[in-house]
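# Analysis of the macromolecular model
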Amino acid sequence: MPMLKPDYSNSIVNLVASITKGLGGEPHGYQPLDGFGSMGWAQHPLVLLIVDGLGDLFLEGYPESFLWGHRQGQLTSVFPPTTATAITSFFTGVAPQQHAITGWHTYFKELGAVATILPFIPRYRGGCFSEAGISPAQLVGHGSLLDRLPVPCETVLPAYLADSDYSRMLSGRAGRHGYESLEEMFATIAALVADGKPGFIMAYWPELDSLAHSHGMASPEVDSLFRDFDAACRHSLDSIAQQGGTVIVTADHGLIDTVESDLISLEDHPRLAAMLTLPLCGEPRCASCYVRSDCRQEFEDYIAEHLSAVCELRTARELIDQGYFGAGPVSPRLRERLGEYVLLMKGNALIKDRLITEKRFAQRGVHGGLSAQELYVPLIVVDAVSR
């Protein structure tokens, strides 16, 4: 499958710029989507529903679905197309080039540690960074978009995430509402738009991604879950549209399915592992490599000889210069959070190391690479007109 590149004129960041402009705010460095948006959004409730893992090519396999019937087009995610980077972009309105969150595992020089960023803990686990008085706001390059919008804002998140350190930072001053089930999520959204007053609601549903990690996107389990979700959307989003609200549905990324033989384990390449000064960072589909200064040529030669069939070796500087992480000013933190090299995995391959506190990687559905399945997400709109 060919490797693609985010289009920062037609990405989730540009969708956020359209929403910002439509609500009367000022987009932060990215242009709104061409021909998309409405100043009328500031007069009625507007909902952005982010469905974790809902790739556009996956949705295309359900042409009879309610969501496909309301699809208006295709967007790209950001790079890497993974929840940590994309969710941060949704809530800040900027790409990774500015917010500098580069994957599930990110090295923070200011902490001297590799973090699992969304739970806001060290990769080796242990206590939350907030216990040491550290805030996510100290690590993320931009504050919450919701603090800059001139309308009331609310977030609707799974109960186990709603009060987390990272969620509080992303939500800013917006109200936070936790839910325990799909039905409760839609009921919470419906209650927030019931009075018809202007406002912006950001909702996030992670279950499709979670199930795909365990079973794969092509599994009967994911098929059943998606059909249930689509049926709930048909009932609930139609009702919101009848009340004058607009609902935009999109995703942070899609996924591909892998098998055990797709996994490249760093344990099987001890010579390569010895060249690294830190564990692999980023994502298993695009691994950031911190390489000893006296081993750079050896590292390049090893990849060329042993792993060129499964990955493309790029320097972090190349990827930044070529616009993979965004457009405009580059965060001074971005370069140090990428290491010297990035391994872009080909086909369905992934590469993983393992700390002594970690079990062997066993996910079936994965994301973070530059395939069409992972990078492209749908743009779906449900309103009084589209009904």
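Our structure is the block above this text.
I will try to describe carefully the structure that is included in this document. (Residues numbered from 1 in each chain as written. Predicted model: local features only at pLDDT ≥ 70, side-chain atom pairs only at ≥ 80, totals over all residues. Heavy atoms only, no water.)

So, on to the overall build of the protein chain. The secondary structure content of the protein chain amounts to 14 helices and 18 strands. A compact globule built from 387 residues would reach a C-alpha radius of gyration of about 21 Å, and the protein chain, at 20 Å, matches this within 12%. In terms of principal-axis extent, the alpha carbons of the protein chain reach across some 65 × 45 × 40 Å. Considering the protein chain as a whole, with its 387 residues, one finds that 58% of them fall into the buried category. Taking the contacts inside the protein chain whose residues are at least 6 apart along the sequence as the reference set, 74% of them involve residues at least 24 apart. Taking the 29 positively charged and 45 negatively charged side chains of the protein chain as two groups, their mean positions are separated by 5 Å. (Helix = DSSP H or I, 4+ residues; strand = E, 2+ residues; numbered from the N terminus. Rg over C-alpha atoms; globule rule 2.2 N^0.38 Å. Buried < 20%, exposed > 50% of the residue type's maximum accessible area, 1.4 Å probe, protein only. Contact = heavy atoms within 4.5 Å. Lys, Arg positive; Asp, Glu negative; His and termini not counted. Charge placed at Lys NZ, Arg CZ, Asp CG, Glu CD.)

Here we take up the pattern of salt bridges. A complete count under the given rule lists 18 salt bridges for this structure. A salt bridge links Arg-337 to Glu-110; its shortest N-O distance comes to 2.9 Å. Separated by 227 residues along the polypeptide, Arg-337 in the loop between helix H13 (316-321) and strand S15 (341-345) and Glu-110 in the loop between strand S3 (105-108) and strand S4 (113-116) bring together distant segments of the chain. Since its relative accessible area comes to 36%, Glu-110 is described here as partly exposed. The partner of Asp-223 in a salt bridge is Arg-227, with the nearest N and O atoms 3.1 Å apart. (Salt bridge = Lys/Arg side-chain N within 4 Å of Asp/Glu carboxyl O.)

Right, let's talk about the side chain of Thr-155 for a bit. Relative to the assigned elements, Thr-155 resides in strand S6 (residues 153-158). On the basis of relative accessibility, which here comes to 0%, the residue Thr-155 falls in the buried class. Residues contacting Thr-155, with those up to four places away along its chain left out, are Phe-91, Leu-146, Ser-171, Ala-174, Gly-175, Arg-176, His-177 and Met-202.

Time to look at the sheet that holds strand S1 (residues 45-51). A sheet is described by the order of its strands in space; here seven strands give the open sequence S2-S18-S9-S1-S8-S6-S7, paired in mixed fashion. Taken across any chain shown, the strands that pair with only one partner, and hence form the sheet edges, are strand S2 (71-76) and strand S7 (175-179). The mean inter-strand angle of the sheet, taken between neighbouring strand axes irrespective of direction, is 20°. Of the strand pairs in this sheet, S6 and S7 are connected by five bridges, and their pairing is parallel. Along S7, the bridge assignment pairs Val-156 with His-177. Strands in contact with helix H1 (residues 12-22) are S1, S2, strand S8 (199-205), strand S9 (246-250) and strand S18 (376-382); relative to S9, the strand with the most contacts, it is inclined by about 170°. (Pairing = 2+ DSSP bridges. Axes fitted to C-alpha atoms, helices over the stretch in contact; angles between N-to-C directions.)

This paragraph deals with the pairing of S1. With seven of seven residues buried, S1 lies mostly within the body of the structure. Burial along S1 is two-sided: the face carrying Pro-45, Val-47, Leu-49 and Val-51 and the face carrying Leu-46, Leu-48 and Ile-50 are both buried. Here seven bridges tie S1 to S8, and the two strands are oriented parallel to one another. Looking at S8, one finds that Val-51 is bridged to Trp-205.

One way to see where empty space is left: roll a probe the size of a water molecule over the atoms. Reported here for the largest pocket is a volume of approximately 1200 Å³. In this structure, the largest pocket is lined by 48 residues; those nearest its centre are Trp-104, His-105, Thr-116, His-213 and Gln-363. Going through the elements one at a time, helix H4 (83-92), strand S5 (121-122), helix H6 (159-162), helix H7 (165-171), helix H9 (207-215), strand S11 (263-265), strand S12 (281-283) and strand S16 (350-352) are the ones with two or more residues in the lining of the largest pocket. Considering only residue class, the lining of the largest pocket consists of 23 nonpolar, 13 polar and 12 charged. (1 Å grid on protein atoms, 1.4 Å probe; cavity = no way out; pocket = protein on both sides within 12 Å on 5 of 7 lines; lining within 4 Å. Points joined across faces, edges and corners; volume = space filled by probe spheres on them. Nonpolar A, V, L, I, M, F, W, Y, C, P; charged D, E, K, R; others polar.)

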